Amino acid sequence: MKRIMNQHPERMLRIALGVIPFVLILIVYVVSSNARLAENPRDKLLPSLSSMGQAVDTLALQPSKRSGEYLFWQDTGSSLTRLGLGIGISALIGLIFGVLNGVIPYARANLSPLITAVSLIPPLAVLPILFIVFGLGEVSKVVLIAIGITPFLIRDMQSKVMELPSEQLIKAQTLGASTWLVIVRVVLPQVLPRLIEALRLSLGAAWLFLIAAEAIAATDGLGYRIFLVRRYLSMDIILPYVFWITVLAFLTDYLLKQLSLRLFPWFHASKH
Amino acid sequence: MSMIEANNLWKEYGSNIVLEGVNTRVDEGEFITIVGTSGCGKTTFLRMLLGIEQATRGELLLNGKPFPDEPGEDRGIVFQRYSVFPHLTVLKNVMLGAEFHDSRLLGKLFGAKRHAAEQQAREILASVGLDHALERYPHELSGGMQQRLAIAQALMKKPRILLLDEPFGALDPGIRADMHELILDIWKKTGITIFMITHDLQEGFYLGTRLWVFDKVRLDKQNPNAYGACITYDIPVDRADQNTYETIDDSLDASKKLLTDQE
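Residues numbered from 1 in each chain as written. Chains lettered and ligands numbered in written order. Predicted model: local features only at pLDDT ≥ 70, side-chain atom pairs only at ≥ 80, totals over all residues. Heavy atoms only, no water.

J.: Please set out the overall build of chain B residue by residue, giving values where relevant.
T.: Of regular secondary structure, chain B possesses seven helices and ten strands. Taken along the three principal axes of its C-alpha coordinates, chain B extends 65 × 40 × 35 Å. For chain B, buried positions account for 52% of its 263 residues. Considering only intrachain contacts with a sequence separation of at least 6, the fraction spanning at least 24 residues in chain B is 70%. Taken as a whole, chain B presents about 12100 Å² of accessible surface, with 48% of it coming from carbon and sulfur. (Helix = DSSP H or I, 4+ residues; strand = E, 2+ residues; numbered from the N terminus. Buried < 20%, exposed > 50% of the residue type's maximum accessible area, 1.4 Å probe, protein only. Contact = heavy atoms within 4.5 Å. Areas by Shrake-Rupley, 256 points an atom, 1.4 Å probe, with all protein chains shown as cover.)

Structure representation (structure tokens):
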């Protein structure tokens, strides 16, 4: 008998093994939900799948009686806009300062200590400041995401630039490149796929900051809705929302990965 | 006047002396091969020629003027690894030299200029035997082909000096022989001055017109970095015989033993 560390499941078995935990959780949920509802039909803690379906139907497929909007999609749109803006702005700043710090020793000496210090500030601790300075509107939410993930992105980009073999940078200079040309033709194209990798890693944090900001001050958004209906113990809305946020997070990650594979085939091929 | 001149050249890092009292002259068109044990300053000397290290004492002159203190277009380089850009195809890797020169803002050429640069790159790639791989990325090339590409990149700038830092060290013997023919061919056709570091003494004898051995004349067993290295042998290779080859081989072995015993 081979050691278990050397045994690999076949494709079908591997997929089945992966699916089993999900199915088990679903079964456990449905069974316990039924048990609780049999005892007390008005139980709110573990709503049945059909009542969750109904809640989603009301929020997603019928206009709200008060505003005439489809709340589910409005929430999704607002949250994704904030997330997109926050991540986009962070990516741009991270790229610019990461590359500058990585390539130019003077910039590094000047900015690196500051960025390290800023990255140590817990972003949620400055959220009140953001609300005071930027008001309760969209800006403070976007800024919170940016403050939360930009320092990580800058530092990661800086170290990725510095990991480029010095041979390449010297070679470019012997080919007549100025500092600027080294940046635009040698460094930038090579750190873009690494930027996407860093963004994928910071997505989780970005969602965390988004939902925190929405929970505290917002009039729509996925995080806002969850915290709003919490008052009424509306698990039939909270659970589908959490599931939906998970799906969105998975999709963003998947799309970024596909984008990188499409745009930078050389990067993924030479990694192996 | 000699093209390159070193007068009593020293290089030290704190108390660690790498080179001491290097004196030499090099004329245009020489092919200098450099051998020596690791830690004996060959690479440091090459980096000084490249412009990324400066002498602590003494002077290193290029055409009578102090050496530039950063890399430039007049001195091409091929390292053992990482000399090519992984995000560009073979053709674009070579075109880069022209693009850097003609487009200071974007580093990209368009229209007729692009066409001309492409044509020039194709010719150079054909001369190093890479004309069948123009659209491939470096990771799709073998080690030998990558080094051919690195040489082609350098040739695009028509440098007067070509620096080779163990360019064939990682290649299989058969491929290495092909590369020897290529580099000799380039040297003969262009009259370029070549400095090449190698670990392989035989390679050094075969390729160069002049062989340098970097070694430490004095060796302190307790403190191997107390004394620096200099050029202990400077031999016009066509006049060298089997005897010198063996003497050098023995002396290198001896100091290698001494140095490795320290570790």
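J.: Kindly report on the pairing of strand E3 (residues 31-36) of chain B, identifying the contributing residues and their values.
T.: Residue and element names in this part refer to chain B. Of all six residues making up E3, six are buried, and the element is well covered by its neighbours. Here E3 shows a buried face lined by Phe31, Thr33 and Val35 and a second buried face lined by Ile32, Ile34 and Gly36. Bridging between E3 and strand E8 (residues 193-197) involves four bridges; their strand directions are parallel. When the sheet's bridge partners are listed, Ile34 is paired in E8 with Ile197. Pairing of E3 with strand E9 (residues 210-216) involves five bridges; the strand directions are parallel. Looking at the pairing, Ile34 lines up with Trp212 of E9. (Pairing = 2+ DSSP bridges.)

J.: If you had to explain helix H1 (residues 42-50) of chain B to someone new, which residues and values would you point to?
T.: Among the nine residues in H1 of chain B, seven count as buried, and that is most of the element. Within the sequence span of H1 of chain B, burial applies to Lys42, Thr44, Phe45, Leu46, Met48, Leu49 and Leu50 of chain B.

J.: Any chance you could break down the state of the cysteines for me, citing the residues and the numbers?
T.: Residues and elements named next belong to chain B. The tally for this structure, following the rule as stated, stands at zero disulfides over all chains. Considering cysteine sulfurs only, Cys230 is the nearest to Cys40, which forms no disulfide, with 9.8 Å between them. Overall, Cys40 belongs to the buried group, its relative accessible area being 1%. Taking the relative accessible area as the measure of exposure, Cys230 reaches 15% and is therefore buried. (Disulfide = S-S within 2.5 Å.)

J.: An account of the pattern of salt bridges is needed here, citing residue identities and associated values.
T.: Side chains that differ in charge, positive against negative, can pair when their charged atoms come close. What the rule picks out here adds up to 21 salt bridges over all chains. A salt bridge links Arg218 of chain B to Glu20 of chain B; the shortest N-O distance between them is 2.9 Å. In this pair, Arg218 of chain B is assigned in the loop between E9 and strand E10 (229-236) and Glu20 of chain B in strand E2 (residues 16-26), connecting sequence segments 198 residues apart. Overall, the relative accessible area of 13% leaves Glu20 of chain B in the buried class. Residues joined by salt bridges that share partners form a network here, namely Arg82, Glu138, Glu214 and Asp220 of chain A. (Salt bridge = Lys/Arg side-chain N within 4 Å of Asp/Glu carboxyl O.)

J.: If you had to explain the interface of chain B and chain A to someone new, which residues and values would you point to?
T.: Taken residue by residue, the interface counts 35 residues in chain B and 22 residues in chain A. Both sides together, the interface formed by chain B and chain A hides about 2400 Å², and carbon and sulfur atoms give 67% of it. The tally of links between chain B and chain A comes to one salt bridge. A salt bridge links Glu99 of chain B to Arg185 of chain A; its shortest N-O distance comes to 2.8 Å. Contributions of two or more residues to the side of chain B that touches chain A are made by strand E6 (75-78), helix H2 (90-102) and helix H4 (143-156) of chain B. Considered class by class, the residues forming the side of chain B that touches chain A number 18 nonpolar, nine polar and eight charged. (Buried area = accessible area lost by both parts, 1.4 Å probe. Nonpolar A, V, L, I, M, F, W, Y, C, P; charged D, E, K, R; others polar.)

J.: Could you give an account of the nonpolar core, with specific residues and numbers?
T.: Among the nonpolar cores identified, the biggest contains 59 residues, and Val99 and Val187 of chain A together with Phe100 of chain B are the most heavily contacted of them. Residue contributions to this core peak at 17 residues, all from helix H8 (residues 179-216) of chain A. For Phe100 of chain B, the residues in contact, after removing those within four places along its chain, are Ala172, Leu175, Gly176, Ala177, Leu181, Arg185 and Val186 of chain A. Counting 40 residues, the second-largest nonpolar core is a separate cluster that includes Phe31, Val78, Val128 and Leu164 of chain B. (Core = buried A, V, L, I, M, F, W, Y, C linked by side-chain atoms within 4.5 Å.)

Interpretation note: all reported values are geometric properties and have no functional meaning in isolation.
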